[in-house]
Each structure stands twice: as structure tokens, then as C-alpha cells.
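Listed below, chain by chain, are the residues.
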Amino acid sequence: RPFDLETINIYDEGREKWRGKYKYEIPVLHLNDKMQAKGRWSEPEVLKALEWYDSLKPEEKEKSSAEK
């Protein structure tokens, strides 16, 4: 199933919010301002998160607060 993936380096300047929140839990899968998985993830976990996101109404799909 194709999808777009944006990676964020929490140690980059301007990413202090993300570093403070997730520095002990990386990698993190984050969709629509909600953490879906942390640490190691399995394919079923990722697919479940993508299915959840796909089930949202368009107005519920927010832009990520991790915008560059």
C-alpha cells in the first residue's frame, strides 16, 4: 500500500518540541497529531495505523504539527 513518509530528525534545530516528547521512544510513527507506534513496529501495526488514518473524514485529517 503506497503512502508518503516524512522523516524528522528530532535533533535538528527547531525540533525541540519533538525531541522533548519522543527522545526516548524513537522511532515513532505519528499520524494526525497522534502517536500510532513507537520503538520497533511491525507491518501489522503500520497497516492498522494507516487504516485508522484512511477512515478519518477529510476535515478530521489535520496537517502534521511537524511542518518544516
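Use the structure listed above.
Conventions adopted
- Residues numbered from 1 in each chain as written.
- Predicted model: local features only at pLDDT ≥ 70, side-chain atom pairs only at ≥ 80, totals over all residues.
- Heavy atoms only, no water.
- Helix = DSSP H or I, 4+ residues; strand = E, 2+ residues; numbered from the N terminus.
- Pairing = 2+ DSSP bridges.
- Buried < 20%, exposed > 50% of the residue type's maximum accessible area, 1.4 Å probe, protein only.

**So, unusual backbone geometry**
Now for step 1: Between Ile 26 and the following residue, Pro 27, the backbone shows a cis peptide bond with an omega angle of 0°.
Now for step 2: Structurally, the position occupied by Pro 27 is in the loop between helix 1 (16–22) and strand 1 (28–31).

**Some details on the pairing of strand 2 (residues 34–38)**
Now for step 1: Strand direction decides the pairing type here: strand 1 and strand 2, joined by four bridges, are antiparallel. By the bridge assignment for strand 2, Leu 29 is matched with Ala 37.

**Re the pairing of strand 1**
Now for step 1: Residues Leu 29 and Leu 31 line the buried face of strand 1, whereas the alternating positions Val 28 and His 30 sit on a face that is not buried.
Now for step 2: Count of turn residues in the strand 1/strand 2 antiparallel hairpin: two residues, of which Asn 32 carries a positive phi of about 55°.

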